[in-house]
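Inside the fold
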Amino acid sequence: MVWYLLMLVSIGITIWAQVKVQGNFSKWSQVRASSGLTGAEVARHILDRNGLSNVTIERIPGKLSDHYDPSARRIRLSEMVYDSNSIAAISVASHECGHALQHQESYGALVLRHRLVPVLQFTSGAAPWLLLAGIFFRATGLLFIGIVFFAVAVVFHLVTLPVEFNASARAKRILASEGFIRGAEDRGVDKVLDAAALTYIAGALVALMQLFYYIAIFLGQRNRD
């Protein structure tokens, strides 16, 4: 019963985090940055100032679909970020530039996350089936392997936290130092980026709760065998 309650709390936090992200992005998308520059223009300036003229910027469809692709050396910005000169747009664009700067410097947590990707691609597909089979057939061996595989996803979530926090910290510092924001505009940047960070915290929390739940089932099965 306790585990189910914890899971409900975790899911509630996830939903709350998504609402915060959507709300803050929508609110600050209506506020024009004093610099008048669009997300794409801010991103290009940051990249060029840091010797990353080889990193391209691409407009993509979708809302909050923005990301940095390290393999292609490309920042992909959603239309609402690429073309907008709002506080929300330049916040998101500079955050993605933060990832490009991490890549340039071989930031430790980012390097580790990249190395986990191929492992995660294998384990994430097998873990649900192993966990299901282990629980249904009361096969502790399969359940244990499933837990180990699932733990890779948990590690990935945890490693993602410093990557995202660091990218946001870089974005806030650069926006202020380069004069892209002035006065109280930093409050909007904080609101947008801090809300986004909540989604990663919520994701890590849910993954941890799931892992503890599977471990509890495993220990219960082993004690009964």
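In this report, the structure presented in the accompanying data block is examined. All values reported here derive from a predicted model rather than from experimental measurement.

The next point concerns the packing of helix α2 (residues 39–49) against helix α4 (residues 87–105). One can describe the packing of α2 onto α4 by two numbers: an axis separation of 8 Å at closest approach and a directional angle of 30°. Classed by the angle they form, the pair α2 and α4 counts as roughly parallel. When you trace α2 past α4, the crossing you get is right-handed. Here Gly39, Val42, Ala43, Ile46 and Leu47 of α2 come into contact with α4, specifically with Ala89, Ile90, Ala93, Ser94, Cys97 and Ala100. For the contact of α2 with α4, the residue count by class is 9 nonpolar, 2 polar and no charged.

Next up on the list: the pattern of salt bridges. Per the counting criterion, the structure on display carries 10 salt bridges. With a closest N to O distance of 3.1 Å, Glu178 and Arg49 form a salt bridge. One end of the pair, Glu178, is in the loop between α6 (140–177) and α7 (185–224); the other, Arg49, is in helix α2, and 129 residues separate them in sequence. Arg49 gets classed as exposed once you look at its relative accessible area, which sits at 57%. Put simply, Arg76 and Asp69 hold a salt bridge, and the shortest N to O gap is 2.8 Å. Assessed through its relative accessible area of 17%, Arg76 is described here as buried. Each member of the salt-bridge network shares a partner with another, and the members are Glu58, Asp69, Arg74 and Arg76.

This brings us to the nonpolar core. Core analysis: the biggest nonpolar cluster contains 31 residues, and Leu47, Ile75, Leu77, Val81 and Leu175 have the highest contact counts within it. Mapped onto this core, the elements with two or more residues apiece are α1 (2–28), α2, β3 (74–78), α4, α6 and α7. Broken down by element, the residue count for this core peaks at 9 residues, all from α4. In contact with Ile75, other than residues within four places in its own chain, are Leu47, Val55, Thr56, Ile57, Glu58, His67, Tyr68, Glu96, Cys97 and Ala100. Counting 13 residues, the second-largest nonpolar core is a separate cluster that includes Phe150, Val154, Leu211 and Ile217.

The next thing to look at is the side chain of Thr160. The residue Thr160 is located in helix α6 in this model. Looking at Thr160, the relative accessible area reads 7%, which means it is buried. At 2.8 Å, the side chain of Thr160 and the backbone oxygen of Phe156 are in polar contact. In contact with Thr160, not counting residues within four places along its chain, are Arg113 and Tyr200.

The next thing to look at is a positive patch on the surface. On the surface, a cluster of positive charge is made up of Lys20, Lys27, Arg187 and Lys191. For the positive patch, the elements supplying multiple residues, two or more each, are α1 and α7. With respect to the secondary-structure elements, Lys27 resides in helix α1.

Here we have 3 strands laid out as an open sheet, ordered β1-β3-β2, and mixed in their pairing. What marks the edges here is a single partner per strand, and that holds for β1 (56–60) and β2 (67–69). The mean angle between the axes of side-by-side strands here comes to 25°, regardless of whether they run parallel or antiparallel. In this structure, β1 lies alongside β3, joined through 5 bridges in parallel fashion. Following the sheet pairing, Ile60 is matched in β3 by Ser78. In the packing of α2 onto the sheet, contacts are made with β1 and β3, and the angle to β1 comes to roughly 160°.

The rules behind each value
- Residues numbered from 1 in each chain as written.
- Predicted model: local features only at pLDDT ≥ 70, side-chain atom pairs only at ≥ 80, totals over all residues.
- Heavy atoms only, no water.
- Axes fitted to C-alpha atoms, helices over the stretch in contact; angles between N-to-C directions.
- Helix = DSSP H or I, 4+ residues; strand = E, 2+ residues; numbered from the N terminus.
- Parallel < 35°, antiparallel > 145°, perpendicular 65-115°, else oblique.
- Left-handed = near helix turned anticlockwise from the far one by under 90°.
- Contact = heavy atoms within 4.5 Å.
- Nonpolar A, V, L, I, M, F, W, Y, C, P; charged D, E, K, R; others polar.
- Salt bridge = Lys/Arg side-chain N within 4 Å of Asp/Glu carboxyl O.
- Buried < 20%, exposed > 50% of the residue type's maximum accessible area, 1.4 Å probe, protein only.
- Core = buried A, V, L, I, M, F, W, Y, C linked by side-chain atoms within 4.5 Å.
- Polar contact = N/O pair within 3.5 Å; in protein donor to acceptor, adjacent residues only side chain to side chain.
- Patch = residues over 30% accessible without salt bridge, like charges linked within 9 Å, V, L, I, M, F, W, Y side chains within 5 Å.
- Areas by Shrake-Rupley, 256 points an atom, 1.4 Å probe, with all protein chains shown as cover.
- Lys, Arg positive; Asp, Glu negative; His and termini not counted.
- Charge placed at Lys NZ, Arg CZ, Asp CG, Glu CD.
- Pairing = 2+ DSSP bridges.

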